[in-house]
Amino acid sequence: MATAAAAAKRKPVFVKVDQLKPGTAGHTLVAKVLSSKTVLQKGRPGAAAAGPAARPTRIAECLIGDETGCILFTARNEQVDLLKPESTVIIRNAKIDMFKGSMRLAVDKWGRIEVTEPASFNVKEDNNLSLVEYELVNVAEE
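Here the residue numbers are simple positions, counted from 1 along each chain's written sequence. Reporting of local features is limited, given that this is a predicted model, to residues whose pLDDT is at least 70; pairs of side-chain atoms are given and counted only at 80 or more, and all residues count toward the totals for whole chains, interfaces and linings. Side-chain metrics rest on all non-hydrogen atoms present in the structure, leaving aside hydrogens and water.

In the nomenclature of an unreviewed UniProt entry, the protein corresponds to Single-stranded DNA binding protein Ssb-like OB fold domain-containing protein from the organism Urochloa decumbens.

Structure (structure tokens):
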């Protein structure tokens, strides 16, 4: 009986896009990929034989979302291949990065992206969290 309770405790809690906040991490969510735009491509394909430093670097900004809103996801290298427009993905252990005052979702080596069954929801595209600008405020210690 105790093992079932332990397994239930480990079950990830899925969040919705509109619950994402700056400075948070450990998010697991299901999202649909709306678009993907390559923003950086360095190195030559096939250069991996020259050593790890010569591996090509690819970064794409992918607009992903669910029925509550959408956000830009920064995909790196092989993640770019998983986040194809129209696909549905499960993103595990994602974190919020700030880029020029706005939120970006990202997955580092501790997270995972899986392509899953197409979702039945329609993405709420008029609630783009990456368009909200945050001002960094230093709180003075009294």
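With reference to specific residues and values, describe the pattern of salt bridges.
Salt bridge criterion: a side-chain nitrogen from Lys or Arg within 4 Å of a carboxyl oxygen from Asp or Glu. Tallied over the full model, the rule gives seven salt bridges. For Glu67, the salt bridge is made with Lys16, and the minimal N-O distance between the two is 2.9 Å. One end of the pair, Glu67, is in the loop between strand 2 (57-66) and strand 3 (69-76); the other, Lys16, is in the loop between helix 1 (2-10) and strand 1 (25-42), with 51 residues separating them in the sequence. Burial classification: accessible surface area is computed with a 1.4 Å probe over protein chains only, and a residue below 20% of its type maximum counts as buried, one above 50% as exposed, and the rest as partly exposed. The class for Lys16 is partly exposed, based on a relative accessible area of 34%. Here Asp126 ties to Lys124 by a salt bridge, and the two come within 3.2 Å at their closest N and O atoms. Take Asp126: its relative accessible area is 65%, and that puts it in the exposed class. Three or more residues joined by partner-sharing salt bridges are found here, namely Arg92, Arg112 and Glu114. To qualify as a helix, a DSSP run of H or I must reach at least 4 residues; to qualify as a strand, a run of E must reach at least 2; elements of each kind are numbered from the N terminus.

Lay out the environment of Glu114 with the relevant residues and their values.
Structurally, Glu114 can be placed in strand 6 (residues 112-116). A relative accessible area of 24% means that Glu114 is categorised as partly exposed. Remark: the alpha-carbon pair of Glu114 and Arg92, spanning 22 residues in sequence, is separated by 8.3 Å. When sequence neighbours within four positions are dropped, the list of residues in contact with Glu114 reads Thr88, Val89, Ile90 and Arg92. Residue contacts are counted whenever heavy atoms from the two residues lie within 4.5 Å of one another.

Summarise the environment of Gly23; cite the residues concerned and give the values.
One can find Gly23 in the loop between helix 1 and strand 1. Through-space distance from the C-alpha of Gly23 to that of Met103 is 9.0 Å; in sequence the pair is 80 residues apart.

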